[in-house]
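Chain residues, written in single-letter form:
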Amino acid sequence: MVGPGGRDGRRPLRRVSAASHAPAQLTYRRPGPRASRGIILPTDHETSPQKLLSYPSAPDRGRTTAPQVVISGLGAVSCLGGSVDELWKGLLRADARPAAAPDDCGLPQQAPVYRVLDGAGSAADDGEAAGAGQGGLPGRASGLAIRAVGEALSDAGLPDGLRAETGVVAGTTLGDLDMAESGTDYPGDGSSSSFRVAAAVAREHGLGGPNLSLSTACSAGVYAITEAADLIRDGEAEVVVACGADVYSRVALVSLVRFGLLDPELCRPFDTARQGMVTGEGAAAVVIESAEHARRRGATVLAVLEGAGWSCDAHHPTAPEPGGQQLLRAMSAALDEASGPPGAVILHRAGIAVNDKVESAAVAAALGASAADVPAYGIKGVIGHTAGAAGLFGAVAAVLMLGHGMVPPNPHVSTVDPEFPLRVPVPADGPERLAEPRVLVCGTGFGGNNAAVVLGAAS
């Protein structure tokens, strides 16, 4: 797996060609076996001669001997409800709209937010759920994560006897920041709230395996899936729960307003009238295990992790690298490992025009000539941008698409962005048939953190 700032010898680098920094110039050429690969980078922001960074080819290690990794359980708590079933029904309805934020945060008007409703995890309910009988840990993100993981463990039918060795990888951007904003302190060592979510989940559900928290901004959910898979492939665990959680934050909301990144009405990622993102909150989880372990315990396999890729462009603290080379690299790495082309793509696309353009060009280059025939889906149009949970919501949606054989329509699309290169299903057309049994899920984040996975249907 290619990580930020490095490369794994198992996955030779791909060739990316760009005549300039303009995203539309990106192309991807699928290399032949053991071919020399490289990255072509422009020397400046103008159209100019290109510099080829060549790397020697490396043997293709690990793909035939590493254990196959599968998904056996799903969990979700969102603005659509407190279960995976409610999430899927809401995706098919494609009519969710945000409500006003709980307070004005000192802004001229209250911003819209996709909030989790009472009964699906209210602030009070989640605080009690997270802290009851545990000597603390009452944060709201932890509470939502606990609920989502509980559903995923139940869905997977994982017996109590296996939980002591089960790991947790949690992706979050802000963790239980609501506690700091409300003046509530953590007991104990006072460590960062972002690194309490995984601990709270493990404590509540008795999960005694490896315990990790990842905070690669809004790509943390996809990273959590890949890290969980690596723990299994490296023999450190046979079952790992990957979860993501983030909740409403006054600090985050005001910061995004100051950056000029929020749409004042709703999230409409594929519409020409989009003006930015709308924040959301929630938690999603998947139970990941080796295929052999799932077979031994008679588990129902819901999906297979067919491919994964990471990259980091390190271009800017918040803005994407304009050429999109490293985002393309992550997507292409995941697609190269997959057994075939994707039948749909769940994009990170959040409604921020400059980010959307870079991602659009990268996915078009990764898919090549077939791009115009592949349906695209933007889950943020239904549940908002759930930050560290976004990639895991995308993964849960992908597994549901594979299981139902269909792609839900994208909401709030009056006029499709004419520059978007993939097909955009809309409510007037209803759900679309999934033509190939694989879904590409993409995640990007501040700091240039990119990640992508391909999930395939269970055989």
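(A) Molecular detail of the overall build of the protein chain. When helices and strands are tallied, the protein chain shows 13 helices and 18 strands. For the protein chain, the residues scored as buried account for 59% of the 459 residues in total. Relative to all contacts within the protein chain whose residues are 6 or more apart in sequence, the contacts with residues 24 or more apart total 76%.

(B) Molecular detail of helix H1 (residues 84-93). Those residues of H1 that fall on the buried side of the exposure criterion are Val84, Leu87, Trp88, Gly90 and Leu91. Buried residues of H1, viewed axially, fall in a sector of 165°; they line one side. For H1, the secondary structure elements touched by its buried residues are strand E5 (69-77), helix H3 (140-156), strand E14 (376-377), helix H12 (380-383), helix H13 (390-404) and strand E15 (406-407). Backbone geometry just after H1 places Ala94 at a positive phi near 55°.

(C) Layout of empty space enclosed by the protein. Under the defined criterion, the tally for this structure stands at 1 cavity of 30 Å³ or more. Of the pockets and cavities examined, the largest cavity occupies roughly 40 Å³. If you list the elements that add at least two residues to the lining of the largest cavity, you get H13 and strand E17 (438-445). It is H13 that contributes the most residues to the lining of the largest cavity, 3 residues altogether. Considered class by class, the residues forming the lining of the largest cavity number 6 nonpolar, 3 polar and 1 charged.

(D) A look at the confidence of the model for the protein chain. Looking at the protein chain as a whole, the pLDDT averages 81, with 79% of positions reaching at least 70. A low-confidence stretch, residues 1-64 (pLDDT under 50), is modelled with 140 contacts involving residues beyond four sequence positions or located in other chains. Segment residues 120-135: pLDDT under 50, and 38 contacts once partners within four positions in sequence are set aside and those in other chains are kept.

(E) Expanded view of the nonpolar core. Leu91, Val286, Ile288 and Leu455 are the most contacted members of the largest nonpolar core, which totals 59 residues. Residue contributions to this core peak at 10 residues, all from H13. Among all residues touching Leu455, those that are not within four sequence positions of it are Ile71, Val304, Leu305, Ala395, Ala398, Val399, Leu402, Pro437, Arg438 and Val439.

(F) Main features of the packing of H3 against helix H6 (residues 197-205). The N-to-C vectors of H3 and H6 enclose an angle of 50°; their axes lie 9 Å apart at closest approach. Judged by the inter-axis angle, H3 sits oblique to H6. Between H3 and H6 lies a crossing whose hand is right-handed. Note on element contacts: H6 touches H3 through Val197, Ala200, Val201, Glu204 and His205, opposite Ala141, Ser142, Ala145, Ile146, Val149, Gly150 and Leu153. Of the residues assigned to the contact of H3 with H6, the class counts are 8 nonpolar, 3 polar and 1 charged.

(G) Representation of the packing of aromatic side chains. Applying the stated criterion to the full structure yields 2 aromatic pairs. Where Phe270 meets Phe420, the ring centres are 5.0 Å apart and the plane angle is 65°; that geometry is what we call edge-to-face. Taken together, the residues Phe270 in the loop between helix H8 (250-259) and strand E11 (282-290) and Phe420 in the loop between E15 and strand E16 (432-433) connect sequence positions 150 residues apart. Both residues of the pair, Phe270 and Phe420, belong to the buried class.

(H) Examining the sheet that holds strand E18 (residues 449-457) more closely. Strands sit in the order E9-E8-E10-E11-E5-E12-E18-E17-E13-E14 across an open sheet of 10 strands; the sheet is mixed. Where the open sheet ends on each side, the last strands, each with one partner, are strand E9 (211-214) and E14. Two elements, strand E13 (residues 344-346) and E14, share 2 bridges in a ladder whose sense is parallel. Bridge pairing in E14 places Ile346 opposite Tyr377. The strands that helix H7 (residues 220-233) touches are E5, strand E8 (167-171), E9, strand E10 (239-246), E11, strand E12 (303-312), E17 and E18; relative to E18, the one it contacts most, it runs at about 65°. Against the sheet, helix H10 (residues 325-337) engages E12, E17 and E18, with an angle of about 155° to E12.

(I) Fine view of the side chain of Arg163. Secondary-structure assignment places Arg163 in helix H4 (residues 160-163). Not counting the four nearest positions on each side in its chain, Arg163 is found in contact with Leu153, Leu158, His205, Gly206, Leu207 and Gly208.

(J) Examining the environment of His315 more closely. Relative to the helices and strands, His315 is located in the loop between E12 and H10. For the pair His315 and Asn449, spaced 134 residues apart in the sequence, the C-alpha separation amounts to 9.9 Å. Those residues in contact with His315, other than ones at most four positions away along the chain, are Pro320, Glu321 and Pro322.

(K) H6, seen in detail. Considered for burial, the residues of H6 that qualify are Val197, Ala198, Ala200, Val201, Ala202 and His205. Along its buried surface, H6 packs onto H3, H4, E8, E9 and E10. The positive-phi residue at the C-terminal boundary of H6 is Gly206, with phi of around 65°.

(L) Fine view of the pattern of salt bridges. In total, this model carries 18 salt bridges according to the counting rule given. A salt bridge links Asp356 to Arg349; its shortest N-O distance comes to 4.0 Å. The burial state of Asp356 is the same as that of Arg349; both residues are buried. For Glu436, the salt bridge goes to Arg438, with nearest N and O atoms at 3.0 Å. Glu436 gets classed as partly exposed once you look at its relative accessible area, which sits at 30%. The buried category is assigned to Arg438, whose relative accessible area is 8%. Salt bridges linked by common partners bring Glu238, Glu292, Arg295 and Arg296 together as one network.

(M) Structural context of the layout of surface pockets. Its boundaries defined by the atoms lining it, the largest pocket holds a volume of some 860 Å³. What lines the largest pocket is a set of 43 residues, and nearest its centre among them are Cys218, Leu256, Met277, His385 and Phe446. Those elements that provide at least two residues to the lining of the largest pocket are H8, helix H11 (353-367), E17 and E18. The element contributing the most residues to the lining of the largest pocket is H8, with 6 residues. Grouping the constituent residues of the lining of the largest pocket by class yields 21 nonpolar, 16 polar and 6 charged.

So, how was this worked out
Residues numbered from 1 in each chain as written. Predicted model: local features only at pLDDT ≥ 70, side-chain atom pairs only at ≥ 80, totals over all residues. Heavy atoms only, no water. Helix = DSSP H or I, 4+ residues; strand = E, 2+ residues; numbered from the N terminus. Buried < 20%, exposed > 50% of the residue type's maximum accessible area, 1.4 Å probe, protein only. Contact = heavy atoms within 4.5 Å. Arc of directions from axis to C-beta. 1 Å grid on protein atoms, 1.4 Å probe; cavity = no way out; pocket = protein on both sides within 12 Å on 5 of 7 lines; lining within 4 Å. Points joined across faces, edges and corners; volume = space filled by probe spheres on them. Nonpolar A, V, L, I, M, F, W, Y, C, P; charged D, E, K, R; others polar. pLDDT = per-residue confidence, 0-100. Core = buried A, V, L, I, M, F, W, Y, C linked by side-chain atoms within 4.5 Å. Axes fitted to C-alpha atoms, helices over the stretch in contact; angles between N-to-C directions. Parallel < 35°, antiparallel > 145°, perpendicular 65-115°, else oblique. Left-handed = near helix turned anticlockwise from the far one by under 90°. Phe/Tyr/Trp six-rings, centres within 6.5 Å; stacked < 30°, edge-to-face > 60°. Pairing = 2+ DSSP bridges. Salt bridge = Lys/Arg side-chain N within 4 Å of Asp/Glu carboxyl O.

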